Amino acid sequence: AVLPMDNFSLDPEMEGVLQHEVHQRLHAKGYRRISAQAVARQMEAFGVQTPGQLAGLSRQRLCEALNTDALLSGRVDQSGTIHAGVYDAVVVSCSLELTHCETGELLWQGEQWRATHRQWQLDPINALVNLGVHRSSSREQRLAWLVQEMLKTLSDGPVRVETDNLLLQAVEIEVQE
């Protein structure tokens, strides 16, 4: 189950982007996912309005209600621009954790950050142009890229191995000539 994400940045709505991107990309890794709507309904049933309230629920109760083997949680740590004198950059960072429901063991964690459009400028006109470009840049796309990079380190989902002897299940077919 992909849980609601925290947002420690000053950029609104980034937690929703992170949750959506993680949910979408987990399927490609071979994991069965609980629908985002089912998770949202369960959060509503628990009275959870912010991800911070999840700390008040026991892991076992949450896992049982969602009928899942693992919980994936995360947070957006930073999403914004840095304007420090003659230096400008767009910075986005986030982290994810996958926890086993039964044992509480941390199965996987990832942390990723990206700084783009890093520029030193001494020209005030270029500084103003860059300020406008940085404000209109897509942090959502940068966050999607970070999720993609983080999930590369997550092992592929469970593979089901058939241990039955298929030769014993074979049926002889008569050849007609």
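Let us look at the structure shown here. Computed from a predicted model, the values in this text were never measured in an experiment.

## A few points about the overall build of the protein chain
Summing up its helical and strand segments, the protein chain has five helices and four strands in all. Within the protein chain, the proportion of its 177 residues that are buried is 37%. Across the protein chain, contacts joining residues at least 24 apart in sequence account for 66% of those joining residues at least 6 apart. By element, 50% of the accessible surface of the protein chain is carried by carbon and sulfur atoms, the whole surface being about 11800 Å².

## Points about helix 2 (residues 36-46)
When helix 2 is considered as a whole, its buried residues turn out to be Val39, Met43 and Phe46. For helix 2, the buried positions fall inside an angular range of 65° around the axis, keeping them on one side. The exposed set on the far side of helix 2, more than 90 degrees from its buried face, consists of Gln37, Arg41, Glu44 and Ala45. Where helix 2 is buried, its residues touch helix 3 (59-66).

## Quick notes on the packing of helix 2 against helix 3
Contact geometry for helix 2 and helix 3: axes closest at 10 Å, N-to-C directions at 130°. As far as their axial angle goes, helix 3 and helix 2 are oblique. Once helix 2 is placed against helix 3, the crossing between them reads as right-handed. Contacts from Val39, Gln42, Met43 and Phe46 of helix 2 reach helix 3 at Arg61, Leu62, Ala65 and Leu66. Here the residues of the contact of helix 2 with helix 3 sort into six nonpolar, one polar and one charged.

## Thoughts on the nonpolar core
Most often, soluble globular proteins have nonpolar side chains that are buried together. Formed by 22 residues in total, the largest nonpolar core has its most connected members in Leu18, Val22, Leu96 and Leu143. For this core, the secondary-structure elements that each account for two or more residues are helix 1 (14-28), strand 2 (70-84), strand 3 (87-100) and helix 5 (139-151). Setting aside its immediate chain neighbours within four residues, valine 22 contacts Val2, Met5, Leu72, Leu96, Val147 and Leu151.

## What about the environment of glycine 157?
Looking at where glycine 157 falls in the secondary structure, it is placed in the segment after helix 5. Residue glycine 157 is classed as buried on the basis of its relative accessible area, which comes to 7%. Those residues in contact with glycine 157 that sit more than four places away from it in its chain are Lys29, Gly30 and Tyr31.

## Quick look at unusual backbone geometry
Trans peptide bonds make up most of the peptide bonds, and negative phi angles are found at most residues other than glycine. A positive phi is found at glutamate 13, a non-glycine position, where the angle reads about 75°. On the secondary structure map, glutamate 13 appears in the loop between strand 1 (6-7) and helix 1. Its identity is not glycine, yet asparagine 67 carries a phi of approximately 55°, on the positive side. With respect to the helices, strands and loops of the structure, asparagine 67 is situated in the loop between helix 3 and strand 2.

## Some words on the pattern of salt bridges
Considering all chains together, one arrives at four salt bridges under this definition. The shortest N-O distance in the salt bridge between aspartate 156 and lysine 29 comes to 3.3 Å. Residue aspartate 156 is found in the segment after helix 5, and its partner lysine 29 is found in the loop between helix 1 and helix 2; the two are separated by 127 residues along the sequence. Note that arginine 75 and aspartate 77 form a salt bridge whose closest N and O atoms lie 2.5 Å from each other. You can call arginine 75 partly exposed: its relative accessible area is 31%. Since its relative accessible area comes to 24%, aspartate 77 is described here as partly exposed.

The rules behind the values
Residues numbered from 1 in each chain as written. Predicted model: local features only at pLDDT ≥ 70, side-chain atom pairs only at ≥ 80, totals over all residues. Heavy atoms only, no water. Helix = DSSP H or I, 4+ residues; strand = E, 2+ residues; numbered from the N terminus. Buried < 20%, exposed > 50% of the residue type's maximum accessible area, 1.4 Å probe, protein only. Contact = heavy atoms within 4.5 Å. Areas by Shrake-Rupley, 256 points an atom, 1.4 Å probe, with all protein chains shown as cover. Arc of directions from axis to C-beta. Axes fitted to C-alpha atoms, helices over the stretch in contact; angles between N-to-C directions. Parallel < 35°, antiparallel > 145°, perpendicular 65-115°, else oblique. Left-handed = near helix turned anticlockwise from the far one by under 90°. Nonpolar A, V, L, I, M, F, W, Y, C, P; charged D, E, K, R; others polar. Core = buried A, V, L, I, M, F, W, Y, C linked by side-chain atoms within 4.5 Å. Salt bridge = Lys/Arg side-chain N within 4 Å of Asp/Glu carboxyl O.

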